[in-house]
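# Remarks on the overall topology
Listed below, chain by chain, are the residues.
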Amino acid sequence: MASYPKAVSAHSNFDQLPAMDWLIATVSAIRTMRSEMQISPAKEIPVILQSIDADAHAFFGQLKDLLQQLSKSKITLQKEEPHNPSANQISGNTTIYIPLEGLIEKNEEISRVEKQIAKISKLLMRGKGQLKNPNYVNNAPKDLVDEVKLQVKQWEAEISKYQKHLTVLAKL
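Here we summarise the structure given alongside this text. (Residues numbered from 1 in each chain as written. Predicted model: local features only at pLDDT ≥ 70, side-chain atom pairs only at ≥ 80, totals over all residues. Heavy atoms only, no water.)

## Digging into the sheet that holds strand β4 (residues 94-99)
With mixed pairing, the 4 strands of this open sheet are ordered in space as β2-β1-β4-β3. Since the sheet does not close on itself, it has two edges, and those belong to β2 (73-78) and β3 (86-91), each with one partner. Direction aside, neighbouring strands of the sheet carry axes that sit 25° apart on average. Pairing of strand β1 (residues 45-50) with β4, which is carried by 3 bridges, proceeds in the antiparallel orientation. Bridge pairing links Ile-48 to Tyr-97 in β4. (Pairing = 2+ DSSP bridges. Helix = DSSP H or I, 4+ residues; strand = E, 2+ residues; numbered from the N terminus. Axes fitted to C-alpha atoms, helices over the stretch in contact; angles between N-to-C directions.)

Below, the structure written as structure tokens:
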């Protein structure tokens, strides 16, 4: 019977954890943005990373090829914000921009975003109505009331995000 394998400290790369965390967060953010805007994952897209953080620049230099493969994108890193209309998301000390020109059909995207805002607004009104009802607030379990309060905050944040997106779309 063979002995249980022993860990070899030479095989551990704990110093690479921050770089891998950055890579995972950045790829996840790009994929989420693509999904939200219904951009095909098979289509290569331009992406701009904006950061003044030295670590982000080092990670980008080290992991650029892998980042581009995992996110199916052509990525550039710059210190200033892009000037063309772009969707953006913040990930750690890095802001991720996807230029919208030529990637989406403006009117379809505006329609989709407006439908999302309308859908979330209905949920928000329902949640605020529950919280304004003293019978609900006084008789419902505290956990349930707290959950509704949290949902209301999340819906407000989502509506704000979609409204910012509409502002960007208007510039296209």
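## Topic: the nonpolar core
Counting 39 residues, the largest nonpolar core has Trp-22, Val-47, Leu-49 and Leu-67 as the members making the most contacts within it. Among the secondary structure elements, those contributing two or more residues to this core are α1 (17-36), β1, α2 (54-71), β4, α3 (106-132) and α5 (142-170). Among the elements that take part in this core, α5 stands out by supplying 8 residues, more than any other. Not counting the four nearest positions on each side in its chain, Leu-67 is found in contact with Trp-22, Leu-23, Thr-26, Val-27, Leu-49, Phe-60 and Ile-75. (Core = buried A, V, L, I, M, F, W, Y, C linked by side-chain atoms within 4.5 Å. Buried < 20%, exposed > 50% of the residue type's maximum accessible area, 1.4 Å probe, protein only. Contact = heavy atoms within 4.5 Å.)

## Focus: the pairing of β3
Sheet topology places β3 next to β4; 6 bridges connect them, and they run antiparallel. For Ile-90, the partnering residue across the bridge sits in β4 and is Thr-95. Counting the residues in the hairpin turn of β3 and β4 gives 2 residues, including Gly-92, whose phi is positive at 65°.

## So, the environment of Leu-49
Structurally, Leu-49 can be placed in strand β1. Judged by relative accessible area, Leu-49 falls into the buried class, the value being 0%. On a C-alpha basis, the gap between Leu-49 and Pro-82 in space is 9.3 Å, while along the polypeptide they are 33 residues apart. Contact partners of Leu-49, with chain neighbours within four places excluded, come to Trp-22, Thr-26, Phe-60, Leu-67, Ile-75, Thr-76, Leu-77, Gln-78, Thr-94, Thr-95 and Ile-96.

## A look at the packing of α1 against α2
At a minimum axis distance of 10 Å, the contact between α1 and α2 shows a crossing angle of 45°. When the axes of α1 and α2 are compared, the pair comes out oblique. As α1 runs across α2, the sense of the crossing is right-handed. Of the residues in α2, those in contact with Pro-18, Ala-19, Trp-22, Leu-23, Thr-26, Val-27, Ile-30, Arg-31 and Arg-34 of α1 are Ala-56, Phe-59, Phe-60, Gln-62, Leu-63, Leu-66, Leu-67, Leu-70 and Ser-71. Across the contact of α1 with α2, the residue classes break down as 13 nonpolar, 3 polar and 2 charged. (Parallel < 35°, antiparallel > 145°, perpendicular 65-115°, else oblique. Left-handed = near helix turned anticlockwise from the far one by under 90°. Nonpolar A, V, L, I, M, F, W, Y, C, P; charged D, E, K, R; others polar.)

## Re the pattern of salt bridges
In total, this model carries 4 salt bridges according to the counting rule given. Here Lys-161 ties to Glu-36 by a salt bridge, and the two come within 3.1 Å at their closest N and O atoms. Taken together, the positions of Lys-161 in helix α5 and Glu-36 in helix α1 put the pair 125 residues apart, joining distant regions of the chain. Since its relative accessible area comes to 40%, Lys-161 is described here as partly exposed. Residue classification places Glu-36 among the partly exposed residues on the basis of a relative accessible area of 30%. With a shortest N-O distance of 3.0 Å, Lys-142 and Asp-146 are connected by a salt bridge. Linking Lys-142 with Asp-146, this pair stays in helix α5, spanning 4 residues, or about one helical turn. (Salt bridge = Lys/Arg side-chain N within 4 Å of Asp/Glu carboxyl O.)

## Brief notes about α2
For α2, built from 18 residues, the straight-helix expectation of 26 Å at 1.5 Å per residue is missed by more than 12%, its first-to-last C-alpha distance being only 22 Å. The largest bend along α2 reaches roughly 75° and is located at Leu-63. Looking only at α2, the buried set comprises Ala-56, Phe-59, Phe-60, Leu-63, Leu-67, Gln-68 and Ser-71. Elements in contact with the buried residues of α2: α1, β1, β2 and β4. (Expected span 1.5 Å × (residues − 1). Bend = angle between axes of the 7 residues up to and from the residue.)

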